[in-house]
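# Report on the structure
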Amino acid sequence: MTVALISAPATEPVSLADVKAHLRVDGTEEDSLLQAAILAARTHVESETRRKLIAQGWRIYLDEWPAGRAIELPLAPLISVESITLYDIVGAAQVLEAEAYRVDAARLPPRIVAKLRPQAPLYDNGIEIDVTVGYGVSSLAVPAALRQAILMLVAHWYEHRGAVGFDRAGDVAPLGFEALVAPYRVRSL
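A brief structural summary. Sequence order as written defines the numbering, with residues in each chain counted from 1. Selection of residues for local features in this predicted model requires a pLDDT of at least 70, selection of side-chain atom pairs for listing and counting requires 80 or more, and totals for whole chains, interfaces and linings are taken over all residues. With hydrogens and water excluded, all non-hydrogen atoms of the structure serve as input to the side-chain values.

## Observations concerning the overall build of the chain
Every helix listed is a DSSP run of H or I at least four residues long, and every strand listed is a run of E at least two residues long, numbered separately from the N terminus. Helix and strand counts for the chain stand at 4 helices and 8 strands. In sequence order, the chain lays out its α and β elements as β-α-α-β-β-β-β-β-β-β-α-α. Expressed along its principal axes, the backbone C-alpha trace of the chain runs to roughly 60 × 35 × 30 Å. Each residue gets one of three labels from its accessible area relative to the maximum for its type: buried under 20%, exposed over 50%, partly exposed in between, using a 1.4 Å probe on protein chains only. With 189 residues in all, the chain has 41% of them scored as buried. Within the chain, residue pairs in contact and separated by at least 24 positions form 78% of the contacts whose partners lie at least 6 positions apart. Computed with a 1.4 Å probe, the accessible areas rest on the Shrake-Rupley method; for each residue, only the protein chains presented here act as cover. Counting only carbon and sulfur atoms, one obtains 54% of the accessible surface of the chain, whose full area is about 10,300 Å². Contact criterion: two residues are considered in contact whenever any of their non-hydrogen atoms come within 4.5 Å of each other.

Here is the structure:
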């Protein structure tokens, strides 16, 4: 299973103004550095939790439909399945009708369950599933604990701009970060 970002989030879970207030920073000299840190911190939180925070579009590629009828998706939380396209052995595309499958977005990880397992021989990466994932389009949709984890990371990285060593637990995140993200972790596939 391979995934590719199709459309990046339109905004970040925390704004530059939020970060500057948290750090008590005035002026604009550090804005580029802080914006880069916000992006990196969001990416880190998404990696740690296996959840996408702000709505974004992804394409999932599979060589074949799994032996059962269900495909566990590697991205959460699932907002919607936009389309499922099957490519036959000669590369001809067929869009799977929405009535041919059921979306189980409440489950973690989310899954798609086909009413009937597609049997046609498929081209390499012959299944493309386009999904929208995230908590929503606004930062207010993102849980407060995850927004706080981003603020903590940005502050930690801002204060420790050089190389950061590992602490006793083997982490480079600040104290308290783990407690904030732990309840939001999605089990790996």
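## Here's the deal with the pattern of salt bridges
Any Lys or Arg side-chain nitrogen located within 4 Å of an Asp or Glu carboxyl oxygen qualifies as a salt bridge. Tallied over the entire structure, the rule returns 9 salt bridges. A salt bridge links aspartate 104 to arginine 111, with the nearest nitrogen and oxygen atoms 3.2 Å apart. On the basis of relative accessibility, which here comes to 17%, the residue aspartate 104 falls in the buried class. Across the pair glutamate 178 and arginine 185 runs a salt bridge, and its minimum N-O distance is 2.5 Å. Sharing partners across several salt bridges, the network here consists of Glu12, Arg42 and Glu46.

## Brief notes about helix H3 (residues 144–159)
For H3, which comprises 16 residues, the first-to-last C-alpha distance of 22 Å matches the rise-based estimate of 22 Å (1.5 Å per residue) to within 8%. All of the buried residues along H3 are Ala145, Leu146, Ala149, Ile150, Leu151, Met152, Leu153, Val154, Ala155, His156 and Tyr158. Tucked inside the fold, the buried residues of H3 contact helix H1 (16–23), helix H2 (31–49) and helix H4 (177–181). Here a helix's expected span is defined as the number of its residues, less one, multiplied by 1.5 Å.

## A look at the pairing of strand S7 (residues 111–114)
Paired strands are those between which DSSP finds at least two bridges. When strand S3 (residues 70–72) meets S7, the two strands line up antiparallel, connected through 3 bridges. Each residue of the ladder has a partner; that of alanine 70, found in S7, is valine 113. Sheet topology places strand S6 (residues 101–104) next to S7; 4 bridges connect them, and they run antiparallel. For aspartate 104, the partnering residue across the bridge sits in S7 and is arginine 111. Where S6 hands over to S7, the hairpin turn is made up of 6 residues, counted between the paired strands.

## So, the nonpolar core
One recurring pattern in soluble globular proteins is that nonpolar side chains are buried together. Here, the term nonpolar core denotes a set of buried Ala, Val, Leu, Ile, Met, Phe, Trp, Tyr and Cys residues that are joined through side-chain atoms within 4.5 Å. Membership of the largest hydrophobic core comes to 24 residues, with the highest contact counts inside it found for Val19, Leu23, Leu34, Val45, Ile150, Val154 and Phe177. Of all the elements in the fold, those that place two or more residues in this core are H1, H2, H3 and H4. The element best represented in this core is H3, accounting for 8 residues. For valine 19, the residues in contact, after removing those within four places along its chain, are Val14, Leu34, Ile38, Leu151 and Val154. Counting 20 residues, the second largest nonpolar core, distinct from the first, contains Trp65, Leu78, Val81 and Ala114.

## Observations regarding the sheet that holds S3
Ordered by their spatial adjacency, 3 strands build an open sheet running S3-S7-S6, and the pairing between neighbours is antiparallel. Of all strands in the sheet, those bounded by a partner on one side alone are S3 and S6. Shown here is a sheet whose adjacent strand axes are inclined to one another by a mean of 15°, direction ignored. In this analysis an axis means a line fitted to C-alpha atoms, helices contributing only their contacting stretch, and an angle means the value between N-to-C directions, from 0 to 180 degrees.

## Thoughts on the sheet that holds strand S2 (residues 56–62)
Read from one edge of the open sheet, 5 strands run S1-S2-S8-S4-S5, paired in antiparallel fashion. Either end of the sheet is taken by a strand with one partner, and the two such strands are strand S1 (2–7) and strand S5 (93–95). Pairs of neighbouring strands in the sheet enclose a mean axial angle of 25°, with direction left out of account. Note that strand S4 (residues 78–88) and S5 share 3 bridges and pair antiparallel. By the bridge assignment for S5, threonine 85 is matched with valine 95.

## With respect to the side chain of arginine 42
With respect to the helices and strands, arginine 42 occurs in helix H2. Assessed through its relative accessible area of 7%, arginine 42 is described here as buried. Excluding residues within four positions of it along the chain, arginine 42 makes contact with Pro9, Glu12, Pro13, Leu53, Gln56 and Ile150.

Distances and angles like these do not, on their own, reveal function.
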